[in-house]
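Residue-level structure breakdown
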Amino acid sequence: MSAREARAPFHAAPIVVSFRAIPLSTSPISKLRAADDEQRQAKRNSLSDKLPVEAKVLANLKIEKAAVERERRAVEPISVR
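An account of the accompanying structure is given in this report. Since we're looking at a predicted model, the values are computed, not measured.

What counts, and at which threshold
Residues numbered from 1 in each chain as written. Predicted model: local features only at pLDDT ≥ 70, side-chain atom pairs only at ≥ 80, totals over all residues. Heavy atoms only, no water. Helix = DSSP H or I, 4+ residues; strand = E, 2+ residues; numbered from the N terminus. Buried < 20%, exposed > 50% of the residue type's maximum accessible area, 1.4 Å probe, protein only. Areas by Shrake-Rupley, 256 points an atom, 1.4 Å probe, with all protein chains shown as cover. Salt bridge = Lys/Arg side-chain N within 4 Å of Asp/Glu carboxyl O. Patch = residues over 30% accessible without salt bridge, like charges linked within 9 Å, V, L, I, M, F, W, Y side chains within 5 Å.

**Things to note about the overall build of the chain**
Each helix and strand counted, the chain has two helices and zero strands in total. Relative to its 81 residues, the chain shows a buried fraction of 1%. Total accessible area on the chain is roughly 8300 Å²; 61% of this is exposed by carbon and sulfur atoms.

**Focus: the pattern of salt bridges**
For the structure shown, the criterion picks out three salt bridges. Where Glu69 meets Arg72, a salt bridge forms, and the shortest distance between an N and an O atom there is 2.2 Å. Here Glu69 pairs with Arg72, and both are found in helix H2 (residues 28-75), just three residues apart, close to one helical turn. Judged by its relative accessible area of 28%, Glu69 falls in the partly exposed class. Under the relative-accessibility criterion, Arg72 is labelled partly exposed at 37%. Among the ionic pairs, Arg73 bridges to Glu69, the shortest N-O distance being 3.5 Å. Of the two residues, Arg73 and Glu69 are both situated in helix H2; the distance of four residues between them amounts to about one turn of the helix. A cluster of three or more residues bridged by salt bridges with shared partners is formed by Glu69, Arg72 and Arg73.

**Remarks on a nonpolar patch on the surface**
A cluster of nonpolar side chains, namely Val53, Val57 and Leu61, defines an oily patch on the protein surface of about 260 Å² accessible area. Following the sequence through the fold, Val57 ends up in helix H2. For Val57, a relative accessible area of 42% gives the class partly exposed.

Below, the structure written as structure tokens:
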């Protein structure tokens, strides 16, 4: 009997730990990240599609404001300016 066997009053089985390798492309975390990236990209695309429309609306409002301001100045007496 070896010294190691003499110290241990029982026979312990070796502990075996195995990790199953999960490729990153199919891991659950990777799938969640991909879905999150897709949602962000969709939102970005939606916002970038709205930008030209909103810019045109803003430009039209600025033109209208300038026309109203011009009309107001024409109606006001000169002494108020």
